[in-house]
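Each chain, written out:
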Amino acid sequence: MTSFHCHDFDWNELAAACEGQLATPVENVDTSNLCTLAQDNWDVFHAKNNGKVYKPRNYLYKEFPELLKDNLTLLEIGCGYGSAIFPLLAQSPSMFAHVCDFSQHAITILQENSEYDGKRCHAFVCDVVSQEIDVPDASIDIVLMIFVLSAIPPHEFDNVMAKIYKALKPGGIVCFRDYGLYDLAMLRSSKRIESTSHGFNSLYYRSDGTLAYFFSKGELERIFTANNRFQVVENEYNTVRLRNRKTQTNMDRVWVHGKFQKI
Ligand SMILES: C[S@@+](CC[C@H](N)C(=O)[O-])C[C@H]1O[C@@H](n2cnc3c(N)ncnc32)[C@H](O)[C@@H]1O
């Protein structure tokens, strides 16, 4: 279902009902081990699921209309196997996209897609935490970050921000979508980890060992505006209420939608 700018329920009411969740005991896991194994865990995820988990994200240009401008040079980090970039390239014939992911399996699946055209898309393996991103400085109009920052350890957020800042042209935009605080996935299928780093509290991990951070709007603003890199253009919760008819329960999904401009 399409959910851009959707507000099915008031996030503050959900927050009031869930506040205690952040005070719950944390799992006794070795965080540094999860960070070290992040690349392997995501590569196993992509090898196992073989491009069959994420559906094409056909809604992105409705959510971010600037993606439809002519002659854009785009950089997507954590592109997976192209769920975001293939619909965008099809919709914007003059777009050129650099896309990277640290999973070799994801990049191989993307390059083997019949829609992949090396003349319009440069796909490469890159760990945006430990490596430089292979694009010229100040060459990018739009950086796309779709469910990727949540997979990165919070103590590396600022490092990643510095790299995308460097890649963007002055006035360039970051289009951002990710998990929001108190999303169903946080409450149900992930385990909380003690994360004292930089005051980021809602770091979780899934049973496959991948990390998942659940962002508040305030945190997102703090991450992007730190060191005077970006100004906030949009920053909001999208809330979607799905009904499970079998169990007669609501499933409340929360995403953060953001647009940030390089100063
Ligand atoms: C939840 S998936 C989202 C994939 C894609 N953006 C989409 O919308 O379907 C997160 C992706 O980020 C990638 N990733 C996580 N940490 C990364 C890092 N440090 N450098 C590059 N890619 C990373 C993972 O391999 C995975 O493909």
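About the criteria used
- Residues numbered from 1 in each chain as written.
- Predicted model: local features only at pLDDT ≥ 70, side-chain atom pairs only at ≥ 80, totals over all residues.
- Heavy atoms only, no water.
- UniProt positions renumbered as here; feature names shortened; annotations may be inferred.
- Helix = DSSP H or I, 4+ residues; strand = E, 2+ residues; numbered from the N terminus.
- Rg over C-alpha atoms; globule rule 2.2 N^0.38 Å.
- Contact = heavy atoms within 4.5 Å.
- Pairing = 2+ DSSP bridges.
- Axes fitted to C-alpha atoms, helices over the stretch in contact; angles between N-to-C directions.
- 1 Å grid on protein atoms, 1.4 Å probe; cavity = no way out; pocket = protein on both sides within 12 Å on 5 of 7 lines; lining within 4 Å.
- Points joined across faces, edges and corners; volume = space filled by probe spheres on them.
- Phe/Tyr/Trp six-rings, centres within 6.5 Å; stacked < 30°, edge-to-face > 60°.
- Lys NZ or Arg CZ within 6 Å of the ring centre and 35° of its normal.
- Near = heavy atom within 4 Å.
- Polar contact = N/O pair within 3.5 Å; in protein donor to acceptor, adjacent residues only side chain to side chain.
- Areas by Shrake-Rupley, 256 points an atom, 1.4 Å probe, with all protein chains shown as cover.
- Nonpolar A, V, L, I, M, F, W, Y, C, P; charged D, E, K, R; others polar.
- Core = buried A, V, L, I, M, F, W, Y, C linked by side-chain atoms within 4.5 Å.
- Buried < 20%, exposed > 50% of the residue type's maximum accessible area, 1.4 Å probe, protein only.
- Arc of directions from axis to C-beta.

Per an unreviewed UniProt entry, the chain carries the name tRNA N(3)-methylcytidine methyltransferase and comes from Thraustotheca clavata. Listed in UniProt under the heading Sequence similarities (unreviewed entry), the comment for the chain reads: "Belongs to the methyltransferase superfamily. METL family." Per UniProt, the chain has the following entry under Function (unreviewed entry): "S-adenosyl-L-methionine-dependent methyltransferase."

Engineer: If you had to explain the overall build of the chain to someone new, which residues and values would you point to?
Structural biologist: Of regular secondary structure, the chain possesses nine helices and ten strands. Whereas a compact globule of 263 residues would reach a radius of gyration of roughly 18 Å, the chain reaches 18 Å, a difference of no more than 12%. Across its three principal directions, the C-alpha atoms of the chain cover 50 × 40 × 40 Å. Sequence-distant contacts in the chain: of pairs separated by 6 or more residues, those separated by 24 or more amount to 72%.

Engineer: Explain the sheet that holds strand β2 (residues 96-101) residue by residue, including any values.
Structural biologist: Strand order in the open sheet formed by seven strands is β3-β2-β1-β4-β5-β10-β9, and the pairing between neighbours is mixed. The outermost strands of the open sheet, each flanked by one partner alone, are β3 (121-125) and β9 (230-244). Taking the axes of each pair of neighbouring strands and ignoring which way they run, one obtains an average angle of 15° across the sheet. Two strands pair when backbone bridges link them, and strand β1 (residues 73-77) and strand β4 (residues 140-146) are joined in this way by four bridges, in the parallel orientation. Counted as the bridge partner of Ile77 is Met145 from β4. In the packing of helix α7 (residues 157-167) onto the sheet, the strands contacted are β1, β4, β5 (168-179), β9 and β10 (249-262), and the crossing angle to β5 comes to about 140°.

Engineer: Please give an account of the layout of surface pockets that cites residues and values.
Structural biologist: Within this model, the second largest pocket holds a volume of roughly 160 Å³. Around the second largest pocket, the lining residues are Gly51, Lys52, Tyr54, Lys55, Pro56, Tyr81, Gly82, Ser83, Phe86, Pro87, Ile109 and Asn113.

Engineer: Please give an account of the packing of aromatic side chains that cites residues and values.
Structural biologist: Going through the model one piece at a time under the given rule, you end up with 17 aromatic pairs. Members of the aromatic cluster, each reached through a chain of ring pairs, are Phe157, Tyr165, Phe176, Tyr213, Phe215, Phe224, Phe230 and Phe260. In this structure, Lys262 packs its charged tip against the face of Tyr165, placed 4.3 Å from the ring centre.

Engineer: Can you lay out the site of the ligand for me, pointing to particular residues and giving the numbers?
Structural biologist: Surrounding the ligand, one finds 21 residues, the nearest of these being His46, Arg57, Gly78, Asp101 and Ile146. For the ligand, an oxygen atom lies 2.6 Å from a polar atom in the side chain of Arg57. Gly78 places a main-chain nitrogen or oxygen 2.7 Å from a nitrogen atom of the ligand. For the ligand, whose free accessible area comes to 600 Å², the fraction covered by protein is 99%. When its residues are assigned to classes, the shell around the ligand shows twelve nonpolar, five polar and four charged.

Engineer: Requested: an account of the nonpolar core, with residues and values cited.
Structural biologist: Ile77, Met145, Leu149 and Phe224 are the most contacted members of the largest nonpolar core, which totals 80 residues. When near neighbours in sequence (up to four residues on either side) are disregarded, Met145 contacts Ile77, Val160, Met161, Ile164, Val174, Cys175, Phe176, Arg177 and Phe224. Residues Ala38, Trp42, Phe45 and Phe102 belong to the second largest nonpolar core, which totals five residues.

Engineer: Go over helix α6 (residues 104-112), please, and point to the residues and values.
Structural biologist: For α6, the complete set of buried residues consists of Ala106, Ile107 and Leu110. Taken end-on, α6 shows its buried residues confined to a sector of 95°, consistent with a single buried face. In the core, the buried residues of α6 are packed alongside α3 (38-49), α5 (85-91), β2 and β3.

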